[in-house]
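The lines below spell out each chain.
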Amino acid sequence: MQGEHKEKIGRVGEELSLLRLEVSDKNRMKVDFGSSGLYAGKILLKGSEINFSYPEKGTGLVFSFILRDT
């Protein structure tokens, strides 16, 4: 039983490491539009109910966003 527990902890640890790598990739994605010359709060881009998935992992999500000038 103790050996099975150690194996499970090892598998979960590997999965956690892979997830952390994915998160770090997301944090590196940046967008710089520069100065738009518009008033603060002007909507520059709006996305609604966008489907995103990782087919090989069988996971997905739907998200919406608004990008405003600052």
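Calculation notes
Residues numbered from 1 in each chain as written. Predicted model: local features only at pLDDT ≥ 70, side-chain atom pairs only at ≥ 80, totals over all residues. Heavy atoms only, no water. Helix = DSSP H or I, 4+ residues; strand = E, 2+ residues; numbered from the N terminus. Buried < 20%, exposed > 50% of the residue type's maximum accessible area, 1.4 Å probe, protein only. Areas by Shrake-Rupley, 256 points an atom, 1.4 Å probe, with all protein chains shown as cover. Lys, Arg positive; Asp, Glu negative; His and termini not counted. Salt bridge = Lys/Arg side-chain N within 4 Å of Asp/Glu carboxyl O. Contact = heavy atoms within 4.5 Å. pLDDT = per-residue confidence, 0-100. Pairing = 2+ DSSP bridges.

S.K.: Give me the lowdown on the overall build of the chain, citing residues and values where you can.
M.R.: Assigned secondary structure in the chain consists of one helix and two strands. Counted from the first residue to the last, the chain has its helices and strands arranged as α-β-β. Taking all 70 residues of the chain together, 4% fall into the buried category. As displayed, the chain has an accessible area near 6600 Å², and 58% of this comes from carbon and sulfur atoms.

S.K.: Quick one: what's the story with the side chain of Asp-69, residue by residue and with numbers?
M.R.: Note on placement: Asp-69 falls in the segment after β2 (59-68). Buried charge without a salt bridge: Asp-69, with Lys-42 as the nearest opposite-charge side chain at an N-O distance of 9.4 Å. Those residues in contact with Asp-69 that sit more than four places away from it in its chain are Ser-36, Gly-37, Leu-38, Tyr-39, Ala-40, Gly-41, Lys-42 and Leu-44.

S.K.: Tell me about the confidence of the model for the chain, and name the residues and values.
M.R.: For the chain, the mean per-residue pLDDT works out to 79, and 83% of the residues sit at or above 70. Of all secondary-structure elements in the chain, the lowest mean pLDDT belongs to helix α1 (residues 2-28), at 77, while strand β1 (residues 43-54) reaches the highest, 86.

S.K.: Please give an account of the pairing of β1 that cites residues and values.
M.R.: Relative to β2, β1 is paired through nine bridges, and the arrangement is antiparallel. Within the sheet, the bridge partner assigned to Gly-47 lies in β2 and is Phe-65. Counting the residues between successive antiparallel strands, the hairpin from β1 to β2 contains four residues, one of them, Gly-58, with a positive phi of roughly 70 degrees.

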